[in-house]
Amino acid sequence: MYFTSLSATLLPMPSNVRQRPLIHNPRAVRLRRIAAGLKQKTLADLAELSEAHVSLIENGKRSPGADVLKRLATALDCAIEDLMAVEEPMHLEGPELQ
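Residues numbered from 1 in each chain as written. Predicted model: local features only at pLDDT ≥ 70, side-chain atom pairs only at ≥ 80, totals over all residues. Heavy atoms only, no water.

### Things to note about unusual backbone geometry
Its identity is not glycine, yet Glu48 carries a phi of approximately 55°, on the positive side. Here Glu48 falls in the exposed class, since its relative accessible area comes to 65%. Despite not being glycine, Asp77 has its phi angle at roughly 55°, a positive value. Looking at Asp77, the relative accessible area reads 72%, which means it is exposed. (Buried < 20%, exposed > 50% of the residue type's maximum accessible area, 1.4 Å probe, protein only.)

The following block contains the structure:
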């Protein structure tokens, strides 16, 4: 069962709503890199990743784990959350909605 925090009170998530996990935002990674004046190779070196790995992340072809996101955020001098995309809860069809 999923729970959400609302005013410091835990409420059960409605049964017709499924939350999608946080995912990285490839555009945010690329825009922050460019704004910092870094080449992919430089970002890769700072984050201790391969240039190919950074390219795959920026193009949305690879989803980085928490450790890689932390290294990218540190190299880009930003919070991990700045590299994440939060999708709205996905509403499911069901008899209780009709």
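Anyway, onward from the coordinates.
### As for the pattern of salt bridges
One pass over the structure, following the stated rule, counts 5 salt bridges. Among the ionic pairs, Arg71 bridges to Asp67, the shortest N-O distance being 3.0 Å. Of this pair, Arg71 and Asp67 both sit in helix H4 (residues 66-75), 4 residues apart, roughly one helical turn. The class for Arg71 is partly exposed, based on a relative accessible area of 26%. Relative accessible area serves as the criterion here: at 48%, Asp67 is assigned to the partly exposed category. Residues joined by salt bridges that share partners form a network here, namely Arg30, Arg33 and Glu58. (Salt bridge = Lys/Arg side-chain N within 4 Å of Asp/Glu carboxyl O. Helix = DSSP H or I, 4+ residues; strand = E, 2+ residues; numbered from the N terminus.)

### Concerning H4
A turn of α-helix holds 3.6 residues, and therefore any two residues three or four places apart point the same way. Here H4 has its buried residues at Val68, Leu69, Leu72, Ala73 and Ala75. End-on view of H4: buried residues confined to an arc of 165°, all on one side of the axis. Exposed and oriented more than 90 degrees from the buried face of H4 are Ala66, Lys70 and Thr74. Taken together, the buried residues of H4 touch strand E4 (23-24), helix H2 (40-47), helix H3 (51-58) and strand E5 (84-85). One or two steps after H4, the chain reaches Asp77, where phi turns positive at roughly 55°. (Arc of directions from axis to C-beta. Contact = heavy atoms within 4.5 Å.)

### Brief notes about the nonpolar core
Formed by 17 residues in total, the largest nonpolar core has its most connected members in Leu43, Leu49, Leu72, Leu76 and Leu83. Elements with a contribution of two residues or more to this core: H2, H3 and H4. By residue number, the principal contributor to this core is H4, which donates 5 residues. (Core = buried A, V, L, I, M, F, W, Y, C linked by side-chain atoms within 4.5 Å.)

### What to know about the confidence of the model for the protein
Of the residues in the protein, 64% reach a pLDDT of 70 or more, and the chain-wide mean stands at 76. Within the protein, no element has a lower average pLDDT than strand E1 (residues 3-6), which sits at 41, and none a higher one than H2, at 98. In the predicted structure, residues 17-21 sits below a pLDDT of 50 and forms 10 contacts with residues beyond four places in sequence or in another chain. Considering only residues more than four positions removed or in separate chains, one finds that residues 87-92, a stretch of pLDDT under 50, has 14 contacts. (pLDDT = per-residue confidence, 0-100.)

### What to know about the packing of H2 against H4
Running from N to C, H2 and H4 cross one another at 115°; their axes reach a closest spacing of 8 Å. Crossing geometry of H2 relative to H4 is assigned as right-handed. Residues Leu43, Leu46 and Ala47 of H2 touch H4, and the partners they reach there are Arg71, Leu72 and Ala75. Partitioning the contact of H2 with H4 into residue classes produces 5 nonpolar, no polar and 1 charged. (Axes fitted to C-alpha atoms, helices over the stretch in contact; angles between N-to-C directions. Left-handed = near helix turned anticlockwise from the far one by under 90°. Nonpolar A, V, L, I, M, F, W, Y, C, P; charged D, E, K, R; others polar.)

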